[in-house]
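Structural overview for review
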Amino acid sequence: MSGISQDPGSFRDPLSRVFVGDGRVVRAFTQEGAKDITAVWGKKSIQGALQSGELIESNIVEPSSVGLSAPWTSAMTHPMLPFISYPYEWTFSMLKDAALLQLKLTRETLADGIGLKDATPYNVQFIGSRPQFIDAGSFERRRKGDPWYGYKQFCEMYLYPLMMQAYLGVQYQPYLRGSVNGISPETMRKLLPASIRHPRKGRLTHVVLHAAASTRFADSNTDVKKATAKAGMNAQVLDATMRKLEKIVQKLNLGDKKSTWSNYSERGHYLESSLDEKQKFVRDAVASAPRKQVWDIGCNDGVFSRIASAHSDYVVAMDADPLVVDRLYNTLKAEKNDKILPLYVDLTDSGGGVGWRGLERPGVFHRGHPDIVMALAVIHHMAITFNVPIASQLDMFRDLSPELIIEMPHADDPMVRKLLQNKRDGIHDDFNLENFERLLSERFDIKSKMLLAGGTRTIFHAVRKG
Amino acid sequence: MFSYLDAQTGSMIVTAIAGGFAGLAVAFKMGMARIRSKVTGKPMPANESSEDDEYESSHD
C-alpha cells in the first residue's frame, strides 16, 4: 500500500496530478498527458533547464513502483522541497525573478516546439534565493497555430501585481492573498490610470487593450484555437510578444526605498555588547541539537537567520516588512544563498486556506515543521500594536515548534514605551516580564535565559512541555 | 487535446498585437474573420488540418 496521497492543490490540469508522501513528490500523468511528456522530455530546452536547476530535478519512474495504477500510465519523482511558499509571500524582486524565469522557460521551450499550458507563479518555488520551476506537467507538444494559453494568467498573476507596485507604489500581496486567480484585466484597467508624467510601459497593450478585448469578446463562441491557427499565429509572433513582455518586466522597479523597519539593521537602540551576547545565545541554542528547519520570525536584515543557517539545514526567514525582506532577498541572491528563504509574512495576518475549498493553498502554519523557532524583538509588536495576547502568541509557538528562542522586552524597554505611548493607560499592564515568564513556563520548560546588556530585555531558550 | 486553460479570444488577439508587425496581421485576420461571420451569419470557418499532422516541429 502506497503512503502517498494527492496534493489538494493539484487538480486543475486533468492530465496530471501531484501526490505527496513517504518523503517524496510524485507527478503522475494520464495516457494523454504521458504522450506530451514523452514527446517533449528529451528536447534540448527541457534538458538544459534540468541541468541548470531552473526546472526541478525529475526522475521518470513506473507508476506501479510508487504505488499508482490506472488512470496513471506514467510518473516522475521530484525531491521534496524544504518549504513551499506562495507569491503573496514573495517580495517584489522575488515575483519579478519568478516572472522572468517563467518567460525564459516559455520562450526557450517555444523554440523547441513545446508549449506551456499555463503561467502561474504557483508553479515556481524558491530554494533559498533561487527560483525554480516545479511543474513538469506544464509542458506539452505545441500544435500548429496554438496561441499562448498562459498569457492572460501571466498578466493576472505576474504582470499586473508587479505593475501595481512599480507604477502605483501599492502592495500587491494582500490582493494575491485574497484571490488565487490574481487581478483581472478589467480590474487592472480601473486601478491603473494613464500618466503623462510617468509613462507606464505596457499599460496600453497589456492592460487597456487586454481589458477592452476581454470585454468585447466575452460572449464569443469562436473556436479560438482554430481561429488563431487560421489567422497564421506562429511561434515567431508569440516569441516577439514574450520578448517585449520580458523588457517590460525587466524595467519594472520597486519604488519605495524606505519603510518602518528598513533601517532597523543599524540597531541604534541596541548596545554593541548586547548584540554580541544575543548572537552567542542564539548560536548556542540553535547549535544545541541538529536542526532540519529553523523559522526566524521578524528576521529583519537576517543577522540571526545567518547564525541559524550555519547550524541547520534550512532557514525560513520571515518579516512583516516587505521592503526589508526584499533587501534581504537581493543580498542573499547576490551570494547565491540557497539555505535561507526570505518571505514577507505578517503573522497577525498571514492568510491561509485560499482557493478551492480553502485547501488549494493552505496557510503558512500548514506548510512547514520547524525544529526551532526564533522570535527575536517581535512579540511586543504583536502584543501591543496588534493586541494579540501573550498567552495566545505562546500557544501559537507551542503548536508550531518543539523549541523556541524568544526575546521579551520588559515594561520599561524604550521600544515598549514607544509602542504604549498612544495607547490607553492600563490596557497592557500584563505586558511584563513576570507575567511572560509565568505564561511561558506553563507551556515550555525554560532551558536557559539571559538578561541582555542594557537590562531591559531577556532572551529565553525554551523546550515544549511533554 | 487542448491546454486546460480557456484560450479567450480577447487575450489571444492582444498577444498577436503585442508581438508587433507580424502579429498585427494575425490580429487583423482574426478580427476580419469575426466580422465576416457576423455579416454573413455563418459560423467561423474551421481549420481543415487533421488531428495527427498538426504538431509543430522544433526550430533548432
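Residues numbered from 1 in each chain as written. Chains lettered and ligands numbered in written order. Predicted model: local features only at pLDDT ≥ 70, side-chain atom pairs only at ≥ 80, totals over all residues. Heavy atoms only, no water.

With that out of the way, let us pick up the UniProt feature "transmembrane region" (unreviewed entry) in chain B. Per the UniProt record, "transmembrane region" (unreviewed entry) is found at residues 12-32 of chain B. Annotation note: span residues 12-32 of chain B, helix share 90%, strand share 0%, distance between end C-alpha atoms 14 Å. (UniProt positions renumbered as here; feature names shortened; annotations may be inferred. Helix = DSSP H or I, 4+ residues; strand = E, 2+ residues; numbered from the N terminus.)

Contacts between the two partners involve 53 residues from chain A and, on the opposite side, 39 residues from chain B. For the chain A face of the interface with chain B, the top three residues by lost area are Y149, F217 and A231 of chain A, together amounting to 14%. Joining chain A to chain B, the criterion identifies zero salt bridges. Counting every contact that joins chain A to chain B gives three residue pairs in polar contact (both at pLDDT 80 or more). Mapped onto the side of chain A that touches chain B, the elements with two or more residues apiece are strand 9 (139-141), helix 4 (151-168), helix 7 (203-216), helix 8 (224-230) and helix 9 (235-251) of chain A. (Contact = heavy atoms within 4.5 Å. Buried area = accessible area lost by both parts, 1.4 Å probe. Salt bridge = Lys/Arg side-chain N within 4 Å of Asp/Glu carboxyl O. Polar contact = N/O pair within 3.5 Å; in protein donor to acceptor, adjacent residues only side chain to side chain.)

On to the packing of helix 3 (residues 92-110) of chain A against helix 12 (residues 322-334) of chain A, then. Pairs of packed helices are described in terms of their axes, by the angle between the two and the distance that separates them. All names here are of chain A. As a packed pair, helix 3 and helix 12 sit with axes 8 Å apart at the nearest point and diverge in direction by 50°. Relative to helix 12, the element helix 3 lies oblique. On helix 12, the residues touching F92, S93, M94 and D97 of helix 3 are D326, Y329, N330 and K333. (Axes fitted to C-alpha atoms, helices over the stretch in contact; angles between N-to-C directions. Parallel < 35°, antiparallel > 145°, perpendicular 65-115°, else oblique.)

Here we come to helix 4 of chain A. Residues and elements named next belong to chain A. Taking the largest bend as the criterion, helix 4 deviates by roughly 35°, centred on L159, and proline P161 comes between one and four positions later. Counting buried positions over the 18 residues of helix 4 gives 15, a clear majority of the element. With its phi angle positive at about 70°, G169 sits one or two positions after the end of helix 4. (Bend = angle between axes of the 7 residues up to and from the residue. Buried < 20%, exposed > 50% of the residue type's maximum accessible area, 1.4 Å probe, protein only.)

Backbone-to-backbone hydrogen bonds join strands into a sheet, with any given pair of strands oriented parallel or antiparallel. Residues and elements named next belong to chain A. Within the open sheet, the seven strands sit side by side as 12-11-10-13-14-16-15. Their pairing is mixed. Two strands lie at the open edges of the sheet, namely strand 12 (340-344) and strand 15 (444-451), each paired on one side alone. Taken pair by pair, the neighbouring strands of this sheet meet at an average axis angle of 20°, ignoring direction. The pairing of strand 13 (residues 372-375) with strand 14 (residues 403-409) spans three bridges and is parallel. (Pairing = 2+ DSSP bridges.)

Its domain assignment divides chain A into domain 1 (16-79), domain 2 (87-251) and domain 3 (264-464). Distance from the C-alpha centre of domain 1 of chain A to the C-alpha centre of domain 3 of chain A: 38 Å. (Domains from an automatic or database assignment.)

With the exception of glycine, the majority of residues adopt a negative phi angle, and the majority of peptide bonds are in the trans configuration. Residue and element names in this part refer to chain A. Across the junction of A70 and P71, the peptide omega takes the value 10°, indicating a cis bond. Looking at the element boundaries, P71 is found in the loop between strand 4 (59-61) and strand 5 (74-79). Of note in this structure, R357 is not a glycine but carries a positive phi near 55°. Counting through the fold element by element, R357 comes out in the loop between strand 12 and strand 13. A residue is classified by how much of its surface remains accessible, and R357, at 68% relative accessible area, is exposed. One non-glycine residue, N387, adopts positive backbone phi at about 55°. Position of N387 among the secondary structure elements: in the loop between helix 13 (379-385) and helix 14 (390-400).

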